[in-house]
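Structure assessment
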Amino acid sequence: GAGVSQSPRYKVAKRGQDVALRCDPISGHVSLFWYQQALGQGPEFLTYFQNEAQLDKSGLPSDRFFAERPEGSVSTLKIQRTQQEDSAVYLCASSWQLSTDTQYFGPGTRLTVL
Amino acid sequence: SQQGEEDPQALSIQEGENATMNCSYKTSINNLQWYRQNSGRGLVHLILIRSNEREKHSGRLRVTLDTSKKSSSLLITASRAADTASYFCATDGGGKLIFGQGTELSVKP
């Protein structure tokens, strides 16, 4: 079956622009996660949804970052007024039911802020 | 902030050799997972070991867990060039995964 997909795969933004990153989880997966991966580092947790409910957003670095999953499937991570330090790969993952189930990752969106 | 540290940060071996990577973590865990990431791609789940398990095998992979030392190791036997990738351990932090910084493995043909 289809895995987690993310779009766009690459995004270049000028500093100050808003961006929206999309994640399509595996069909039927209840839990959805966003992670940020800086170059040469491991992924760092941003936020977690169970269906449409955002249960944990403790990893969002600032109020410029906003995530939603209005119908409990597709999710969008929005970054307002992008800064150079936002440059990273943004990974989305989904899991079947519980947040402790195996997480399946998408290919990521590489964001470069100039 | 990241939970664990992986050792070594980089490892270069010849095809056919075994590769061992170590991971240490700080807090108590429910489980520990290992992931592989090829250059420019997403993470692929390799294996999960629960806190009450000491060793687990999957194909050419062998994972050990020592909760008293808060450490885990991943052994890849008979390595292949296709095993070249970054390997990350991740612990369960209340649902979210907490990753180490990874070991970059290079397997030369």
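Before going into details, it helps to say that this report is about the structure given with it. Quick caveat, the model's predicted, so the values are computed rather than measured. (Residues numbered from 1 in each chain as written. Chains lettered and ligands numbered in written order. Predicted model: local features only at pLDDT ≥ 70, side-chain atom pairs only at ≥ 80, totals over all residues. Heavy atoms only, no water.)

Cis geometry is adopted by the peptide bond preceding A:Pro8, which originates at A:Ser7 and carries an omega value of -10°. Relative to the elements of secondary structure, A:Pro8 occurs in the loop between strand S1 (5–7) and strand S2 (10–13). Of note, the bond from B:Asp7 into B:Pro8 is cis; its omega dihedral lies within 30 degrees of zero at -5°. With respect to the helices and strands, B:Pro8 occurs in the loop between strand S1 (5–7) and strand S2 (10–14). Even without being a glycine, A:Asn51 presents a positive backbone phi close to 55°. Position of A:Asn51 relative to the elements: it lies in the loop between strand S5 (44–50) and strand S6 (53–56). A positive phi angle, near 50°, is found at B:Lys70, a position not held by glycine. (Helix = DSSP H or I, 4+ residues; strand = E, 2+ residues; numbered from the N terminus.)

So, about the interface of chain A and chain B. If you look at the interface, chain A gives 21 residues, while chain B gives 21 residues. Summed over both sides, the interface between chain A and chain B buries roughly 1,500 Å², with carbon and sulfur atoms accounting for 48% of that surface. Linking chain A with chain B are zero salt bridges. On the surface where chain A and chain B come into contact, there are five residue pairs in polar contact (both at pLDDT 80 or more). If you list the elements that add at least two residues to the side of chain A that touches chain B, you get strand S4 (31–37) and S5 of chain A. With three residues, S4(A) is the largest single contributor of residues to the side of chain A that touches chain B. Of the residues in the side of chain A that touches chain B, the class split is seven nonpolar, 10 polar and four charged. (Contact = heavy atoms within 4.5 Å. Buried area = accessible area lost by both parts, 1.4 Å probe. Salt bridge = Lys/Arg side-chain N within 4 Å of Asp/Glu carboxyl O. Polar contact = N/O pair within 3.5 Å; in protein donor to acceptor, adjacent residues only side chain to side chain. Nonpolar A, V, L, I, M, F, W, Y, C, P; charged D, E, K, R; others polar.)

Now for the packing of aromatic side chains. Residue and element names in this part refer to chain A. For the structure shown, the criterion picks out 10 aromatic pairs over all chains. A centroid spacing of 6.3 Å and a plane angle of 25° characterise the contact between phenylalanine 33 and tyrosine 35, whose relative ring orientation is stacked. Judged on exposure class, the residue phenylalanine 33 and its partner tyrosine 35 are both buried. On the basis of an interplanar angle of 15° and a centroid distance of 4.8 Å, the ring pair of phenylalanine 33 and tyrosine 48 is categorised as stacked. One end of the pair, phenylalanine 33, is in strand S4; the other, tyrosine 48, is in strand S5, and 15 residues separate them in sequence. The buried category is assigned to tyrosine 48, whose relative accessible area is 7%. (Phe/Tyr/Trp six-rings, centres within 6.5 Å; stacked < 30°, edge-to-face > 60°. Buried < 20%, exposed > 50% of the residue type's maximum accessible area, 1.4 Å probe, protein only.)

Residues and elements named next belong to chain B. Reading across the sheet, the five strands line up as S1-S3-S8-S7-S6 and stay open at both edges, with antiparallel pairing between neighbours. Every other strand in the sheet has two partners, leaving S1 and strand S6 (55–58) as the edge strands with one partner each. With strand direction ignored, the average angle separating the axes of adjacent strands in the sheet is 15°. Bridge count for S1 against strand S3 (residues 19–24) is three bridges, and the pairing is antiparallel. Bridged to glutamate 5 within S3 is serine 24. (Pairing = 2+ DSSP bridges. Axes fitted to C-alpha atoms, helices over the stretch in contact; angles between N-to-C directions.)

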